[in-house]
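# Fold and geometry: a report
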Amino acid sequence: MQARAQPKLGVVVIGPSPRPEIEAELRLVLGLEPAIELVGALDGLSRAEIDRLIPDGSDDTLFTKLPNGDGVVISKAAVMRGAQAALDRFAATGTDVTLMCCTGAFKGLVARGPVVFPSAVLTSLAGALLPQGRLGIFTPLPAQTEQTRRKWADPSREVDIEPLLPIHAPAELTAAAERMAARRPDLVIMDCMSYTTEMKRAVRAITGARALLGLSCAARAVQELLA
């Protein structure tokens, strides 16, 4: 019997690659089996060029981490061009599944082959788990509050939004989680792919609420497609 070929997962991050911490979080769910190729929508750009990708309002605002650990705020429109090229290349090279590694919505991107968009995974899962009640959302930037509120708006749920940078001092995470705890959410969403399992555990301990982490939820969708 012929051995089963190792499955291939393509990952498109919205900034430049590499992002070893993203791969490490994916491995917590996926284990060692899939071969992971991670590319960046901004690969090839210098830091000065990235710094010039200034967002045009809330809907165009994205936060990402650079390979050196710095955080940057960038334009979604600028990301779209590189992301589409990466999706096309993964499809052309026979990648089994591709993960668009951002919880933002990317209307206009054309998916060729199986592509997991974490925004769709998170919103659908939250709707199934909490059809009504109070939803607490962590998003990186105050400037993203408006787009985040529209994204999660539902007449059957109350929504509270708390900005929290993935790059933070421990006291900042604690303070943000305590502010969220005061609102008594029924379910918490960690709405950024740069949030980590460790952050989720800390938020859950402080708020007392169940929490969904964008990266691990997306990884479990990938796992189903690769199984």
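Our structure is the block above this text.
Conventions and cut-offs
Residues numbered from 1 in each chain as written. Predicted model: local features only at pLDDT ≥ 70, side-chain atom pairs only at ≥ 80, totals over all residues. Heavy atoms only, no water. Buried < 20%, exposed > 50% of the residue type's maximum accessible area, 1.4 Å probe, protein only. Helix = DSSP H or I, 4+ residues; strand = E, 2+ residues; numbered from the N terminus. Arc of directions from axis to C-beta. Contact = heavy atoms within 4.5 Å. Core = buried A, V, L, I, M, F, W, Y, C linked by side-chain atoms within 4.5 Å. Pairing = 2+ DSSP bridges. Axes fitted to C-alpha atoms, helices over the stretch in contact; angles between N-to-C directions. Salt bridge = Lys/Arg side-chain N within 4 Å of Asp/Glu carboxyl O. Phe/Tyr/Trp six-rings, centres within 6.5 Å; stacked < 30°, edge-to-face > 60°. Lys NZ or Arg CZ within 6 Å of the ring centre and 35° of its normal. Polar contact = N/O pair within 3.5 Å; in protein donor to acceptor, adjacent residues only side chain to side chain.

For the rest of this paragraph, the subject is helix α5 (residues 145-152). Along α5, the positions that sit buried rather than exposed are Gln147, Thr148 and Trp152. Within α5, the buried residues cover an arc of 120° as seen down the axis, which keeps them to one side. Elements that come into contact with the buried residues of α5 comprise β3 (61-65), α3 (76-92), α4 (118-129), β7 (133-139), β8 (157-163) and β9 (187-190).

Of all hydrophobic cores here, the largest spans 23 residues; its most connected members are Val12, Ile14, Ile74, Val79 and Phe106. Those elements giving two or more residues to this core turn out to be β4 (71-75) and α3. Counting residues per element, this core draws most heavily on α3, which supplies seven residues. With residues near it in sequence (within four places) discarded, Val12 still touches Val39, Ala41, Ala83, Ala86, Leu87, Phe90, Thr98, Leu99, Met100 and Cys101. Judged by nonpolar contacts, the second largest core, of 19 residues, contains Val11, Val13, Leu26 and Leu38.

Pairing of β9 with strand β10 (residues 210-213) involves four bridges; the strand directions are parallel. Residue pairing across strands places Ile189 opposite Leu212, the latter belonging to β10.

The subject of this paragraph is the sheet that holds strand β2 (residues 35-40). Reading across from one edge, β2-β1-β5-β6 is the order of the four strands in this open sheet, with parallel pairing throughout. Of all strands in the sheet, those with a lone pairing partner are β2 and β6 (115-116), marking the two edges. In terms of strand pairing, strand β5 (residues 97-101) meets β6 through two bridges, oriented parallel. Counted as the bridge partner of Thr98 is Val115 from β6. The strands touched by helix α8 (residues 214-226) within the sheet are β1 (8-13), β5 and β6, with β5 carrying the most contacts at an inclination of about 170°.

Applying the stated criterion to the full structure yields 13 salt bridges. Its salt-bridge partner being Glu37, residue Arg89 comes within 3.1 Å of it at the nearest N-O pair. Of this pair, Arg89 sits in helix α3 while Glu37 is found in strand β2, placing the two residues 52 residues apart along the sequence. Taking the shortest distance from any N to any O, the salt bridge between Arg112 and Asp88 comes out at 2.3 Å. You can see Arg112 sitting in the loop between β5 and β6 and its partner Asp88 sitting in helix α3, a full 24 residues away along the chain. If you follow the salt bridges from partner to partner, you end up with Arg47, Asp51 and Asp70 in one network.

Further remarks concern the packing of aromatic side chains. Two numbers describe a pair of aromatic rings. These are the distance of the centres and the angle of the planes. Applying the stated criterion to the full structure yields zero aromatic pairs. The side chain of Lys76 reaches across the aromatic face of Phe106, ending 5.6 Å from its centre. The ring centre of Phe90 lies 5.2 Å from the NZ or CZ of Arg89, which sits over that ring.

With that settled, the discussion passes to the environment of Asp88. Since its relative accessible area comes to 29%, Asp88 is described here as partly exposed. In sequence terms Asp88 and Gly113 are 25 residues apart; their C-alpha atoms lie 9.3 Å from each other. Within polar-contact distance, the side chain of Asp88 engages the side chain of Gln84 at 2.9 Å.

What follows concerns the sheet that holds β7. An order of β8-β7-β9-β10 is seen for the four strands of this open sheet, with the pairing classed as parallel. The two strands at the open ends of the sheet, each matched to only one other strand, are β8 and β10. Neighbour-to-neighbour, the strand axes of this sheet turn through a mean angle of 20°, independent of strand direction. Where β7 and β9 come together, four bridges link them in parallel fashion. Note that in β9 the partner of Ile137 across the bridge is Ile189. Against the sheet, helix α7 (residues 197-207) engages β7, β9 and β10, with an angle of about 155° to β9.

None of the figures reported here should be taken as evidence of function without further support.
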